Amino acid sequence: MARYTGALVNAIPDMTQGRVDYLRLSVTDRCNLRCTYCMPAEGVPARSHDDILSYEELAAFARVAAGCGISKVRITGGEPLVRHGCVDFVGMLGRTSGIHDISLTTNGVLLPRYAADLRRAGLRRVNISLDSLDPERFARLSRGGRLADALAGLDAAFDAGFSPVKVNALLLEGVEDELDAFVALTREREVHVRFIEFMPLDRRLGEQGRLVPAAEILQLLKDRHELVPHEGPYGHGPAQYWHAPGALGTIGFIAGVSEHFCESCNRLRLTADGRLRTCLFSGDEVAIRPLIARPDELRDAIRAAVSGKSFDRCREQRANQRAMSEIGG
Ligand code: SAM
Ligand code: SF4
């Protein structure tokens with residue numbers, strides 16, 4: 001991947017070509033849960049507040065990124081809602097020219113407290129990570145989280161009027177036994193469940209049991225339920241969706257490991273400590289914090305990173321030394 005160098009500053013034309021239009025902004029690497037597949041049990045080493053980009057810096061980055069073709073921003077983490085001021089940050093992004101779509105990925109636990117304010121601040125849609133509808137399995141996967149808290153977050157998302165509301169469920173061993181419950185959820189509520197293949201990016205986390213391919217779960221679902229293909233909700237990205245006739249919501253799959261969708265990737269990622277990444281699977285990062293005060297250089301750094309972005313063979317890079325909670329998923 002191309003790294004920013006001073007020599008590139010004037011040589012790089014607009015390389016985004018409308019293709020990379022989506023930015024995932026991690027606002028913190030801290031979290032109120034410790035999901036086994038995402039964080040070590042002891043958490044990630046806490047970065048000091050000074051190491052984390054301020055909201056003003058994040059907004060300044062988003063402003064310049066918007067000038068490079070970014071129009072959609074997802075706020076993520078860690079758990080974004082544990083960071084003070086997240087609601088105001090949504091408002092800041094909403095006032096950024098060129099950013100037309102702001103979304104949030106959350107474990108839902110703090111949504112009862114913040115959902116209405118987030119909606120008022122301009123957030124339209126949320127993704128809630130909810131890997132299990134069984135209280136014991138949920139607690140095991142999140143190392144002590146309470147399913148009731150996440151479900152209260154789901155309720156709060158609907159009460160606040162977010163649309164669409166998507167649920168992310170990782171395909172981990174044991175999910176086979178929960179398929180009827182997830183289908184039932186889509187029958188009761190206009191919720192878009194997306195089963196996501198586990199990506200073994202972080203060797204420090206150890207084994208997560210059998211890797212469950214999306215195709216296997218789709219087949220199990222089809223064996224038990226009538227499902228028809230569906231175009232899915234707005235912002236469907238790499239997911240493929242299905243629908244049980246009469247259901248309010250949909251079931252989708254994101255097969256990031258067993259199927260190759262790197263060539264259609266439209267994403268940039270910014271870590272909470274200010275490192276720009278163009279690929280989830282690659283360890284390549286560009287430290288952009290020093291450039292935030294110099295927008296022209298920042299713009300050229302973003303364009304250089306995008307022009308060097310790999311749309312192929314990404315999974316072979318795998319030189320990742322960060323937890324997903326640090327990258328933002
Ligand atoms: N705390 C928030 C949450 O859980 O939604 C936002 C951050 S979390 C890192 C973002 C997404 O990454 C979640 O949907 C989570 O399931 C997903 N994720 C974490 N580790 C993963 C892994 N190893 N493979 C695939 N997805 C992963
Ligand atoms: Fe926290 Fe989200 Fe990672 Fe779970 S998936 S540990 S909730 S950051």
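In what follows, the structure referred to is the one given above.
Rules used in this analysis
Residues numbered from 1 in each chain as written. Chains lettered and ligands numbered in written order. Predicted model: local features only at pLDDT ≥ 70, side-chain atom pairs only at ≥ 80, totals over all residues. Heavy atoms only, no water. Helix = DSSP H or I, 4+ residues; strand = E, 2+ residues; numbered from the N terminus. Buried < 20%, exposed > 50% of the residue type's maximum accessible area, 1.4 Å probe, protein only. Areas by Shrake-Rupley, 256 points an atom, 1.4 Å probe, with all protein chains shown as cover. Near = heavy atom within 4 Å. Nonpolar A, V, L, I, M, F, W, Y, C, P; charged D, E, K, R; others polar. Polar contact = N/O pair within 3.5 Å; in protein donor to acceptor, adjacent residues only side chain to side chain. Core = buried A, V, L, I, M, F, W, Y, C linked by side-chain atoms within 4.5 Å. Pairing = 2+ DSSP bridges. Salt bridge = Lys/Arg side-chain N within 4 Å of Asp/Glu carboxyl O. Phe/Tyr/Trp six-rings, centres within 6.5 Å; stacked < 30°, edge-to-face > 60°. Arc of directions from axis to C-beta. Contact = heavy atoms within 4.5 Å.

Novice: I'd like a description of the overall build of the protein, backed by residues and values.
Specialist: Broken down by element type, the protein carries nine helices and twelve strands. Counting all 329 residues of the protein, 55% fall into the buried class. Accessible surface, the protein: about 14,000 Å² in total, of which carbon and sulfur atoms supply 50%.

Novice: I'd love a proper account of the site of ligand 2, names of residues and values included.
Specialist: Taken together, the neighbourhood of ligand 2 is formed by C31, L33, C35, Y37, C38, M39, G78 and N107. The class makeup of the residues in the shell around ligand 2 is six nonpolar, two polar and no charged.

Novice: Outline the site of ligand 1, listing residues and values.
Specialist: Taken together, 18 residues surround ligand 1, and among them G78, E79, T105, S129 and M199 come closest. Between ligand 1 and the protein, one listed contact pairs a nitrogen atom with a backbone N or O atom of G78 at 3.0 Å. At a separation of 2.5 Å, an oxygen atom of ligand 1 approaches a polar side-chain atom of S129. Of all the secondary-structure elements, those providing two or more residues to the shell around ligand 1 are strand 3 (101-106) and strand 5 (165-171).

Novice: So what about the environment of E285? Which residues, and what values?
Specialist: Residue placement: E285 occurs in the loop between strand 11 (275-277) and strand 12 (286-287). Of the residues examined, E285 reaches a relative accessible area of 13% and is grouped as buried. In the structure, E285 is positioned 15 residues away from L270 in sequence and 9.1 Å away in space, judged by C-alpha atoms. Engagement of the side chain of E285 in a polar contact is seen with the side chain of R277, the distance being 2.6 Å.

Novice: Before we move on, could you go through the nonpolar core and cite the residues and values that matter?
Specialist: Among the nonpolar cores identified, the biggest contains 81 residues, and F61, L118, F195 and I302 are the most heavily contacted of them. Counting residues in hydrophobic clusters, the runner-up holds 13 residues, among them L33, C38, I196 and Y241.

Novice: For the pairing of strand 10 (residues 267-270), give the residues involved together with the corresponding values.
Specialist: Where a strand is regular, its side chains alternate between the two sheet faces. Burial along strand 10 is two-sided: the residues R267 and R269 and L268 and L270 are all buried. Across four bridges, the pairing between strand 1 (residues 22-26) and strand 10 is parallel. By the bridge assignment for strand 10, L23 is matched with L268. Bridging between strand 10 and strand 11 involves two bridges; their strand directions are antiparallel. Note that in strand 11 the partner of R269 across the bridge is R277. Connecting strand 10 to the antiparallel partner strand 11 that follows it, the hairpin turn spans four residues, and G274 within it adopts a positive phi of roughly 85°.

Novice: Can you break down the pattern of salt bridges residue by residue, with the values?
Specialist: Summed over all chains, the structure comprises 17 salt bridges. Its salt-bridge partner being R210, residue E176 comes within 2.9 Å of it at the nearest N-O pair. Of this pair, E176 sits in the loop between strand 5 and helix 6 (179-188) while R210 sits in the loop between strand 6 (191-197) and helix 7 (214-224); the two residues are 34 residues apart in sequence, bridging distant segments of the chain. We classify R210 as partly exposed; its relative accessible area is 35%. For R294, the salt bridge identified is with E297, shortest N-O distance 3.1 Å. Salt bridges linked by common partners bring D29, R47, D273 and R275 together as one network.

Novice: So what about the packing of aromatic side chains? Which residues, and what values?
Specialist: Considering all chains together, one arrives at three aromatic pairs under this definition. Seen from their ring centres, F182 and F195 are 5.3 Å apart, and the 85° between their planes marks the pair as edge-to-face. Taken together, the residues F182 in helix 6 and F195 in strand 6 connect sequence positions 13 residues apart. Where F195 meets F253, the ring centres are 5.7 Å apart and the plane angle is 35°; that geometry is what we call tilted. Linking F195 in strand 6 with F253 in strand 9 (residues 250-254), this pair joins segments that are 58 residues apart in sequence. Residue class for F253 comes out buried when judged on its relative accessible area of 5%.

Novice: Just give me the short version of the side chain of R137, but keep the residues and values in it.
Specialist: Along the chain, R137 falls in helix 4 (residues 135-141). In this structure R137 comes out as buried when scored by relative accessible area, which is 6%. Looking at R137, its side chain comes within polar contact range of the main-chain oxygen of D131, at 3.4 Å. Looking at R137, its side chain comes within polar contact range of the main-chain oxygen of L172, at 3.1 Å.

Novice: Please set out helix 6 residue by residue, giving values where relevant.
Specialist: Along an α-helix, a turn takes 3.6 residues, which lines up residues three or four apart on a common side. Listing the buried residues of helix 6 in full gives L179, F182, V183, L185 and T186. Viewed end-on, helix 6 has its buried residues packed into an arc of 150°, placing them on one side of the element. Against the buried residues of helix 6 lie helix 5 (147-160), strand 5, strand 6, helix 7 and strand 9.

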